[in-house]
Amino acid sequence: MFGYRVPAPDSAMMISGGRLRRDTAPFRVVVGHGTFVLPFFRKARYLTLSMQEAEVAEVCVTRQGISVNVRAVIAFKVGNDDESIINAGQRFLSDQDQMSTLTGRIFAGHLRSIVGSMTVEEIVTERQKLATEVLDGSKAEMAKIGLTVDSLQIQSIDDMNSGYIDAMAAPHRAAIQRQAQIAQAQANQAAAEAEQESQRKQAEYARQTSVVQAQYKAEVDQAQAQSAQMGPLTQAKAQRDVITAQTELAHQQAELRQRQLVAEVIKPAEAEADKVRILAQADAERMRLLASAAASHDRVALDRTLIDQLPLIVKEAAAGLAGANLNVLNGAEGLGELTAGLVAQGLTILDSVKKNLAGSSVVLSGPDSSDDGDDEPRALPGSAAASGSADGRPAR
């Protein structure tokens, strides 16, 4: 639009012309917005508000009388308020490059003043203190010309080859070098120890590997030896099992043969012996009865009858025993018990027969029993006393 002006964001527009009051500024300041400027009646000029810098390189003398060259950089700009803009516009609007030159000169003067009150050690070790004091000393002067300082940086401090700073730094340099040497020696020692530890671990690992390999080889050799011995051991074990089985079979055959011998030889012999013993006992009993009959004349008929029947009883008993099929459970002892039982049973039968015959027999005695009138008893016809013994021999 014709006559409408807008300043840049980093600029301030100053409009001059027209009738103004005496207590106000000689121009009107417009920042951040536009306004109408009447042609021919008003004139608009622009003042930069951007950041600017100024470099200072000044030779200063310290409190110790030592010359040092101090280099610094100042970052500054025109203030944002109207008063600062008016002050800066009145001084630098026609030649804005003068702001950097004037700022450098102002700071150079304050820098010489501050450095003259400090020692080289303080300047070197307390640069921030130097910058702060320079800023504080120049703040009022910079405000009068409408400028504000954002920062001040001390770039370098040089003793102009006098060697003072180097001499001051020598102890620290030596200490640092000593620490560096110590650190290097420690590093070398640590490296050597690490190398030795690595070699030791490698040797230990090699030893362990050798031991394990030897153990594996011993186990393999043992397994191979056992495998080689397994065939003969298995064959010997098989032979031992065969011998054991044959021995057991021989024992069983011997026991079987012993049992067969007992059943086929010993048992029949014992039975025959028992038979002979029973017959002998019966014969002895017959002889005893014959003797008793001879001694007792009153029982001649009874004894004669019993004696006549005794061989038949013994024969029948012997025949029954010889034809009997006996099962003996406990060997010779059982056979003896069986024989004793048969003998006892025969004697019991014999006693019973004797009692029965004694109850039914009649014996004649007295003076009338004989023809010649003697006192001897007379046996019945057919008795042992009249006809002799059972085997035909005359009685005694």
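Scroll up a little and you will see the structure.
One structure accompanies this document, and this report is about it. Here the structure is a predicted model, which means the values were calculated and not measured.

## Focus on the overall build of the protein
So, point 1. Per the secondary structure count, the protein includes eight helices and eight strands.
So, point 2. Across the 396 residues in the protein, those meeting the buried criterion constitute 26%.
So, point 3. Sequence separation of at least 24 residues holds for 70% of the intrachain contacts in the protein that already meet a minimum separation of 6.
So, point 4. Total accessible area on the protein stands at roughly 26,400 Å², and carbon and sulfur atoms take up 54% of it.

## A closer look at the environment of C60
So, point 1. Relative to the assigned elements, C60 resides in strand β6 (residues 52-61).
So, point 2. Separated by 49 residues in sequence, C60 and G109 have C-alpha atoms that sit 9.7 Å apart.
So, point 3. Residues in contact with C60, not counting those within four places in the same chain, are I66, S67, V68, L111, R112 and V115.

## Let's talk about the nonpolar core
So, point 1. Core analysis: the biggest nonpolar cluster contains 42 residues, and V78, I85, L111, V115, L130, L147 and I154 have the highest contact counts within it.
So, point 2. With seven residues, helix α2 (residues 98-116) is the single largest residue contributor to this core.
So, point 3. Grouped together as the second largest cluster of nonpolar side chains are five residues, M13, I15, V37 and A44 included.

## Describing the sheet that holds β6
For sheets, the rule is that strands pair by backbone hydrogen bonds, running either parallel or antiparallel.
So, point 1. Taken together, the three strands give an open sheet; going across it, the order is β6-β7-β8, and neighbouring strands pair in antiparallel fashion. The two strands at the open ends of the sheet, each matched to only one other strand, are β6 and β8 (147-158). Each neighbouring strand pair of the sheet contributes to a mean axis angle of 20°, computed without reference to strand direction.
So, point 2. Set on the sheet, helix α4 (residues 127-144) makes contact with β7 (67-78) and β8; between it and β8 the angle comes to about 145°.

The rules behind each value
Residues numbered from 1 in each chain as written. Predicted model: local features only at pLDDT ≥ 70, side-chain atom pairs only at ≥ 80, totals over all residues. Heavy atoms only, no water. Helix = DSSP H or I, 4+ residues; strand = E, 2+ residues; numbered from the N terminus. Buried < 20%, exposed > 50% of the residue type's maximum accessible area, 1.4 Å probe, protein only. Contact = heavy atoms within 4.5 Å. Areas by Shrake-Rupley, 256 points an atom, 1.4 Å probe, with all protein chains shown as cover. Core = buried A, V, L, I, M, F, W, Y, C linked by side-chain atoms within 4.5 Å. Pairing = 2+ DSSP bridges. Axes fitted to C-alpha atoms, helices over the stretch in contact; angles between N-to-C directions.

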